[in-house]
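# Architecture and fold: a report
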Amino acid sequence: MQTRFTRLVGVEHPVMQGGMMWVGTADMAAAVSNAGGLGTITALTQPTPDDLRREIDRCRTLTDKPFAVNLTILPSVKPPPYAEYRRAIIDAGVSIVETAGSRPQEHVEDFKAHGVKVIHKCTSVRHAVSAQKMGVDAISIDGFECAGHPGEDDVPGLVLIPAAADRITIPMLASGGFGDGRGLVAALALGADGINMGTRFCATVEAPIHDAVKRLLVDNDERATNLIFRKFHNSARVAKSPVSDKVVEISAREGAVFADVQPLVSGAKGRVALETGDLEAGLIWAGQVQGLIHDIPTCRELITRIMRQADEITARLREHAA
Ligand SMILES: Cc1cc2nc3c(=O)[nH]c(=O)nc-3n(C[C@H](O)[C@H](O)[C@H](O)COP(=O)(O)O)c2cc1C
């Protein structure tokens, strides 16, 4: 299946693995890319820009297929050295970047000046339109269903994707809530050129996370997420767990401020939960698509299955039309 997205980035299938903190290592990215999708290394998972350079080199030893690097720019009291991470990506000769988060302009300009293709991930039509004006090569639009930061507008993919498609002329990926071939065909019908997935790729053999977390994603249903940080205008969707339940409970208290939940939500604690499988150690980021996850395949099995399902559905739709 060739779309404007597969042609833009040179992959076999219109399926991308989005940046994922602590999960987007070279092993994850290479597994997706070797399966014909677009795998992504997450820059900030590497402690320093030099570590990122080494991780990119390591990915090249694991795959000869295209892969991307994600650079996420989030509001922070003590921001990481974004410009240095950006420099590491450019110097390493990476050809595709996924940017996400606020005020990407400076990064987009520099990537573009160095011939890097930029896929900008955002959660609203207005931000997609401004990224398109900025000159990015593709948009990834994340609906309210998604794991991570869905923004503050609460528009699900069924409306967000066609609304964006009406305004976006460059290739566009639909993101948030995708996990199978039905989703891929739906995304194409809504005007997208492919899908971006996060949660579904966490429940694969190659995802560098503990089996207990993978089993949690399989066991959970579509209701098993919590939307946290709404009060602090930085909404995030995470798996329902004792920790995220506690965050919801504390946040609901009169006069609660971010500092009240901060000890529970640090990235370092989330990393411990992912690595040890101790679900009470920290937050686990996951989306509503958990309701569509029933097994832990390899990335190749997953992508092959998605493409086969998509072919079967397309054939059935043709029969309906005949
Ligand atoms: C464990 C995990 C960590 C994530 N970390 C990031 C991140 O650091 N940067 C980012 O842009 N998106 C991040 N995301 C969001 C994904 O890239 C993707 O946009 C989202 O998962 C799509 O929704 P889905 O989970 O329903 O497929 C993360 C998602 C997960 C599941």
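Data block above holds the structure.
Quick look at the structure, then. (Residues numbered from 1 in each chain as written. Predicted model: local features only at pLDDT ≥ 70, side-chain atom pairs only at ≥ 80, totals over all residues. Heavy atoms only, no water.)

## Some details on the overall build of the protein chain
Each helix and strand in the protein chain was counted, giving 14 helices and ten strands. In summary, the protein chain has a C-alpha radius of gyration of 19 Å against a globular reference of 20 Å for 322 residues, a match within 12%. Projected onto the principal axes, the alpha-carbon positions of the protein chain cover approximately 60 × 45 × 40 Å. Taken over 322 residues, the protein chain has a buried fraction of 53%. A separation of at least 24 residues holds for 61% of the contacts in the protein chain among residues at least 6 apart in sequence. Per element, the accessible surface of the protein chain, about 13900 Å² overall, is 54% carbon and sulfur. On the protein chain, the mean spot of the 35 positive side-chain charges and the mean spot of the 39 negative ones are 2 Å from each other. (Helix = DSSP H or I, 4+ residues; strand = E, 2+ residues; numbered from the N terminus. Rg over C-alpha atoms; globule rule 2.2 N^0.38 Å. Buried < 20%, exposed > 50% of the residue type's maximum accessible area, 1.4 Å probe, protein only. Contact = heavy atoms within 4.5 Å. Areas by Shrake-Rupley, 256 points an atom, 1.4 Å probe, with all protein chains shown as cover. Lys, Arg positive; Asp, Glu negative; His and termini not counted. Charge placed at Lys NZ, Arg CZ, Asp CG, Glu CD.)

## A short note on the packing of aromatic side chains
The full count for this structure, using the stated rule, is three aromatic pairs. Ring geometry for phenylalanine 232 versus phenylalanine 258: centroids 5.6 Å apart, planes at 80 degrees, classification edge-to-face. Taken as a pair, phenylalanine 232 in the loop between strand S9 (225-228) and strand S10 (236-239) and phenylalanine 258 in helix H12 (residues 258-265) lie far apart in primary sequence, 26 residues in all. Its relative accessible area of 34% is what places phenylalanine 258 among the partly exposed residues. (Phe/Tyr/Trp six-rings, centres within 6.5 Å; stacked < 30°, edge-to-face > 60°.)

## Focus on the packing of helix H2 (residues 26-34) against helix H14 (residues 299-321)
At their nearest, the axes of H2 and H14 sit 8 Å apart, and the two run at 40 degrees to each other. Between H2 and H14, the crossing angle belongs to the class labelled oblique. The element H2 and its partner H14 pack so that their crossing is right-handed. Here Met28, Ala31, Val32 and Asn34 of H2 come into contact with H14, specifically with Cys299, Arg300 and Ile303. Here the residues of the contact of H2 with H14 are counted per class, giving five nonpolar, one polar and one charged. (Axes fitted to C-alpha atoms, helices over the stretch in contact; angles between N-to-C directions. Parallel < 35°, antiparallel > 145°, perpendicular 65-115°, else oblique. Left-handed = near helix turned anticlockwise from the far one by under 90°. Nonpolar A, V, L, I, M, F, W, Y, C, P; charged D, E, K, R; others polar.)

## Notes on the sheet that holds strand S1 (residues 15-17)
Read from one edge of the open sheet, eight strands run S1-S8-S7-S6-S5-S4-S3-S2, paired in parallel fashion. Each edge of the sheet is formed by a strand with only one pairing partner; in this case those strands are S1 and strand S2 (39-42). Neighbouring strand axes in the sheet, compared pairwise and without regard to direction, differ in orientation by 30 degrees on average. In terms of strand pairing, strand S5 (residues 117-122) meets strand S6 (residues 138-142) through four bridges, oriented parallel. Bridged to histidine 120 within S6 is isoleucine 139. Of the strands in this sheet, S1, S2 and strand S3 (67-73) are in contact with H2, which crosses S2 at around 170 degrees. (Pairing = 2+ DSSP bridges.)

## Thoughts on the site of the ligand
Taken together, 20 residues sit near the ligand, with Gly19, Thr72, Lys121, Gly177 and Thr199 positioned nearest. Here an oxygen atom of the ligand and a backbone polar atom of glycine 19 are 2.7 Å apart. Between the ligand and asparagine 70, the relevant distance is 3.2 Å, taken from an oxygen atom to a side-chain nitrogen or oxygen of the residue. When the ligand is considered free in solution it has 610 Å² of accessible area, and contact with the protein chains removes 93% of it. A breakdown of the residues in the shell around the ligand according to their chemical character gives eight nonpolar, ten polar and two charged. (Near = heavy atom within 4 Å. Polar contact = N/O pair within 3.5 Å; in protein donor to acceptor, adjacent residues only side chain to side chain.)

## Things to note about the nonpolar core
Core analysis: the biggest nonpolar cluster contains 77 residues, and Leu52, Ile89, Ile139, Ile141 and Phe201 have the highest contact counts within it. Excluding its chain neighbours within four sequence positions, the residues that come into contact with isoleucine 141 are Cys122, Thr123, Ser124, Val125, Ala128, Leu160, Ile161, Ala164, Met172, Leu173, Ala174 and Ser175. Formed by eleven residues, the second largest nonpolar core is a distinct cluster that contains Leu8, Ala68, Ile96 and Ala138. (Core = buried A, V, L, I, M, F, W, Y, C linked by side-chain atoms within 4.5 Å.)

## Focus on unusual backbone geometry
Phi at arginine 103 takes a positive value of approximately 45 degrees, unusual for a residue other than glycine. Along the chain, arginine 103 falls in the loop between strand S4 (96-101) and helix H5 (105-113). Looking at arginine 103, the relative accessible area reads 76%, which means it is exposed.

## Digging into helix H3 (residues 49-62)
Between its first and last C-alpha, H3 extends 20 Å over 14 residues, near the 20 Å set by a 1.5 Å rise per residue. Among the residues of H3, those classed as buried are Pro49, Leu52, Glu55, Ile56 and Cys59. Viewed along the axis of H3, the buried residues span an arc of 105 degrees, placing them on a single side of the element. Opposite the buried face of H3, at more than 90 degrees from it, the exposed residues are Arg54 and Thr61. (Expected span 1.5 Å × (residues − 1). Arc of directions from axis to C-beta.)

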